[in-house]
Amino acid sequence: EDPTLNASGVLDFGNGVPSDNIAVMFAGTSGTMRYEVYRGTSGRQLIETSKVFPAKSWTRVTVTHTTAKQATIYWSGAAQTVVAYGGASLSADKKSATVQLPKEVTRKYNYIGKSNWASDALFKGKMTNLRIWNKAVTLAQITASTTLVPPAFSAAAGVDECSTGNGGCTHN
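Residues numbered from 1 in each chain as written. Predicted model: local features only at pLDDT ≥ 70, side-chain atom pairs only at ≥ 80, totals over all residues. Heavy atoms only, no water.

Considering the arrangement of structural elements, one finds Arg107 in the loop between β10 (97-98) and β11 (109-112). What makes Arg107 buried here is its relative accessible area of 15%. For the pair formed by Arg107 and Asn21, sequence separation is 86 residues and the distance between their alpha carbons is 8.1 Å. A polar side-chain atom of Arg107 sits 2.6 Å from the main-chain carbonyl oxygen of Asp20. (Helix = DSSP H or I, 4+ residues; strand = E, 2+ residues; numbered from the N terminus. Buried < 20%, exposed > 50% of the residue type's maximum accessible area, 1.4 Å probe, protein only. Polar contact = N/O pair within 3.5 Å; in protein donor to acceptor, adjacent residues only side chain to side chain.)

Another point: the confidence of the model for the protein. Caution is warranted with low-pLDDT regions, since their predicted coordinates should not be read in detail. When pLDDT is averaged along the protein, the result is 85; 84% of the residues meet or exceed 70. Low pLDDT, under 50, characterises residues 155-172; the stretch is placed with 42 contacts to residues that sit more than four places away or in other chains. (pLDDT = per-residue confidence, 0-100. Contact = heavy atoms within 4.5 Å.)

This paragraph deals with the sheet that holds strand β4 (residues 42-49). Read from one edge to the other, the open sheet built from 6 strands follows the order β8-β4-β3-β2-β1-β11, with strand pairing classed as antiparallel. Where the open sheet ends on each side, the last strands, each with one partner, are β8 (82-85) and β11. Taking the axes of each pair of neighbouring strands and ignoring which way they run, one obtains an average angle of 15° across the sheet. Pairing between strand β3 (residues 33-39) and β4: 5 bridges, direction antiparallel. Paired with Arg39 across the strands is Ser42, a residue of β4. (Pairing = 2+ DSSP bridges. Axes fitted to C-alpha atoms, helices over the stretch in contact; angles between N-to-C directions.)

It is worth spelling out unusual backbone geometry at this point. A positive phi angle, near 50°, is found at Ala7, a position not held by glycine. Relative to the helices and strands, Ala7 resides in the segment before β1 (9-14). The backbone of Ser76 shows a phi angle near 50°, a positive value even though the residue is not glycine. Locating Ser76 in the fold gives a position in the loop between β6 (70-75) and β7 (78-79). Look at Ser76 and you get partly exposed, because its relative accessible area is 45%.

For the structure shown, the criterion picks out 3 aromatic pairs. Aromatic side chains Phe26 and Phe53 sit 5.3 Å apart centroid to centroid with 65° between the ring planes, which places their arrangement in the edge-to-face category. Of this pair, Phe26 sits in strand β2 (residues 22-26) while Phe53 sits in the loop between β4 and β5 (61-65), and the two are 27 residues apart along the sequence. Each member of the pair, Phe26 as well as Phe53, is classed as buried. Each ring, one from Tyr38 and one from Trp117, has its centre 5.7 Å from the other, and the planes form 35°; the classification is tilted. With a gap of 79 residues between them, Tyr38 in strand β3 and Trp117 in the loop between β11 and β12 (125-127) connect regions that are remote in the sequence. Its relative accessible area of 10% is what places Tyr38 among the buried residues. Taken together, the ring pairs connect Phe26, Phe53 and Trp75 into an aromatic cluster. (Phe/Tyr/Trp six-rings, centres within 6.5 Å; stacked < 30°, edge-to-face > 60°.)

Written out as structure tokens, the structure is:
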């Protein structure tokens, strides 16, 4: 609902601040979306969309990161134009970038709807069908595995709600 809350986290898996984090979040108060990878406590590389996230509309977010280190952010199946930071190398079409792979470590603090940084805002919006794949899949496979019709946003529909007022995400 509001991608302009200060660095609101969609998900952040890590071992603290910063420590081997893998995060999808909104960048500052800009409303753009970011995917970032920390290796240890430094060495952050990230991509960030050049457009503001479409607020108050159902948008399927997909982030892919291949073993060839190519990271892409999709909104409703469309690869977004991104900018790259921290040494990540932008592709010629600016739809992906070469981003370091996360270290294979156990992550103790795995959040949905918030980040490991206490100063970051909680996610304010609705989520459903969160999937994390442990293998490489194509965009066609991702699309085939998701509901093409947005779910109804109501407590009766079993939609997860996250807001700044409730301290995190709850499942109704």
